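So the chains spell out like this:
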Amino acid sequence: MKTYIVTGATGGIGEATTLQLAKEGHTVLALGRNAEKGTVLEQEGQGNIHFFQVDLAKPPEIQQFFDDTATDFPTIDGIFNNAGTFGKPVAPERVTDAQQEVFQVNYHAPEQIIQLAVKRLSKGASIVNNSAIVGHVKFPAMLLPYASSKSALITLTKTYAARFHGKYRFNAICPGPVDTALSHSLYGGKDKFDLAMKHHLRGNAAQPAEIAEVVCFLLSDKASYINGQSLVVDGGYTLT
Ligand SMILES: NC(=O)c1ccc[n+]([C@@H]2O[C@H](COP(=O)([O-])OP(=O)(O)OC[C@H]3O[C@@H](n4cnc5c(N)ncnc54)[C@H](OP(=O)(O)O)[C@@H]3O)[C@@H](O)[C@H]2O)c1
C-alpha cells in the first residue's frame, strides 16, 4: 500500500480521487481549506485519510504541512496536484497583480509541493498535475490567468519528467468539463451548466469519479511506461 498527497481533496475531482485511493487501501494526506469537509473525509476514509488544512495561496502553510508530516509520513509514493481556482474573471487587458493568487494556487503551489516532496519520494513515485484542455480549445478570454497557469503546469510536468529520467514519473491530465462546483460557478449554477453540456459530444459532462479513475491509474505502477504526458480526458469534447 502506498502513501499519496492529494490537494483540493475537499471537493469534486480531488475528493473522488481521495476516496478511491483510500478504498484501494492507500494512505492519503488530503489537503484543503474546508476543515468541516476534511472531518467528513477522514470519517469516510476509515483510517486511510488524514486531512490537513492548508491554504495553497500561502506558501508558509505548504512548508508547514511538509514539516508536520516528515516524521509520520517520511515516504511519499505519489502526488495529485489537483486544487485550482479560476480567480475573478477579468478581461485580459485588465489583468493586474490582483490575479496573482490564480498563478499561486494553480502553478506555484504544485511547484513548491514537488520541490519539498522530492527528497521524500520513493523510487518510481508518480506525480499527476491537474491541468485543463488549454491549448486544445478556445478558452474564455476572461479566464486568461487560469488558462496561462494551467499551460505552465504542463510545461512544469514535462520539464520534471525530462529531469528525472523515469526515477519519478510526472504526467498532467487535461479534463474536459466535469460536474463540480467549480464548473457550476463558471456557468452560473448547476442547471445552466447541465443545459450547456447538452452540446457536449456525449451530451453530458464527466462525473468526478470518471476523472479519479484515470488519476488513480496514472498514480499506480500499472502506468509505469507513461511519463511526461499531458493526457486529455474529455469524452470527446475537444472533437467538436
Ligand atoms: N471541473 C472542471 O470542469 C475542470 C476541468 C478541467 C480541469 N479542472 C481542474 O480540476 C481541479 C479541481 O477542480 P474541481 O472541478 O474538482 O473543483 P471543486 O470541486 O471546486 O474543487 C476545487 C478544490 O480546490 C481547492 N482549493 C481551491 N483553492 C484553494 C486554495 N487556495 N488552497 C487550498 N485548496 C484550494 C478547494 O478546496 P476548499 O473547498 O477546501 O477551499 C477544492 O477542494 C482544478 O485544478 C480545476 O482547474 C476542472
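Preceding this paragraph is the structure being described.
Residues numbered from 1 in each chain as written. Predicted model: local features only at pLDDT ≥ 70, side-chain atom pairs only at ≥ 80, totals over all residues. Heavy atoms only, no water.

1. Brief notes about the pairing of strand β2 (residues 27-32)
With five of six residues buried, β2 lies mostly within the body of the structure. Two elements, strand β1 (residues 3-7) and β2, share five bridges in a ladder whose sense is parallel. Among the inter-strand pairings, V6 is bridged to a residue of β2, identified as A30. Assessed by its sense of winding, the connection that carries the chain from β1 through helix α1 (residues 12-23) to β2 is right-handed. Each parallel crossover has a hand, and the one from β2 via helix α2 (residues 35-44) to strand β3 (residues 49-53) is right-handed. (Buried < 20%, exposed > 50% of the residue type's maximum accessible area, 1.4 Å probe, protein only. Helix = DSSP H or I, 4+ residues; strand = E, 2+ residues; numbered from the N terminus. Pairing = 2+ DSSP bridges. Right-handed = clockwise from strand over helix to strand, strands pointing away.)

2. Looking at helix α3 (residues 59-69)
Residues of α3 that are buried: I62, F65, F66 and T69. Looking down the long axis of α3, one finds its buried residues gathered within 90° of arc, a one-sided arrangement. Next to the buried residues of α3 lie β1, β2, β3 and α4 (100-117). (Arc of directions from axis to C-beta. Contact = heavy atoms within 4.5 Å.)

3. Quick look at α2
At the N-terminal boundary of α2, the capping side chain belongs to N34, with an oxygen 3.2 Å from the backbone nitrogen of E36. At the exit of α2 stands Q46, carrying a positive phi of roughly 45°. (Polar contact = N/O pair within 3.5 Å; in protein donor to acceptor, adjacent residues only side chain to side chain.)

4. Looking at the sheet that holds strand β4 (residues 76-81)
Taken in spatial order, the seven strands of this open sheet run β3-β2-β1-β4-β5-β6-β7, and their pairing is parallel. The sheet terminates laterally at β3 and β7 (230-233), the two strands that pair on one side only. When the angles between neighbouring strand axes are averaged without regard to direction, this sheet yields 20°. One ladder, built from five bridges, connects strand β5 (residues 121-130) with strand β6 (residues 169-175); its direction is parallel. What sits directly across from N130, in β6, is I173. Packing against the sheet, helix α5 (residues 144-164) makes contact with β5, β6 and β7, and its axis sits at approximately 155° to β6. (Axes fitted to C-alpha atoms, helices over the stretch in contact; angles between N-to-C directions.)

5. So, the site of the ligand
Around the ligand lies a shell of 29 residues, among which T10, R33, N82, Y146 and T180 are the nearest. Backbone polar atom of G8 to an oxygen atom of the ligand: 3.1 Å apart, as the coordinates give it. One of the backbone nitrogen or oxygen atoms of G11 is found 3.4 Å away from an oxygen atom of the ligand. Out of a free accessible area of 890 Å², the ligand has 90% covered by protein chains. If you list the elements that add at least two residues to the shell around the ligand, you get α1, α5 and α6 (181-187). Class assignment for the residues of the shell around the ligand results in 13 nonpolar, 13 polar and three charged. (Near = heavy atom within 4 Å. Areas by Shrake-Rupley, 256 points an atom, 1.4 Å probe, with all protein chains shown as cover. Nonpolar A, V, L, I, M, F, W, Y, C, P; charged D, E, K, R; others polar.)

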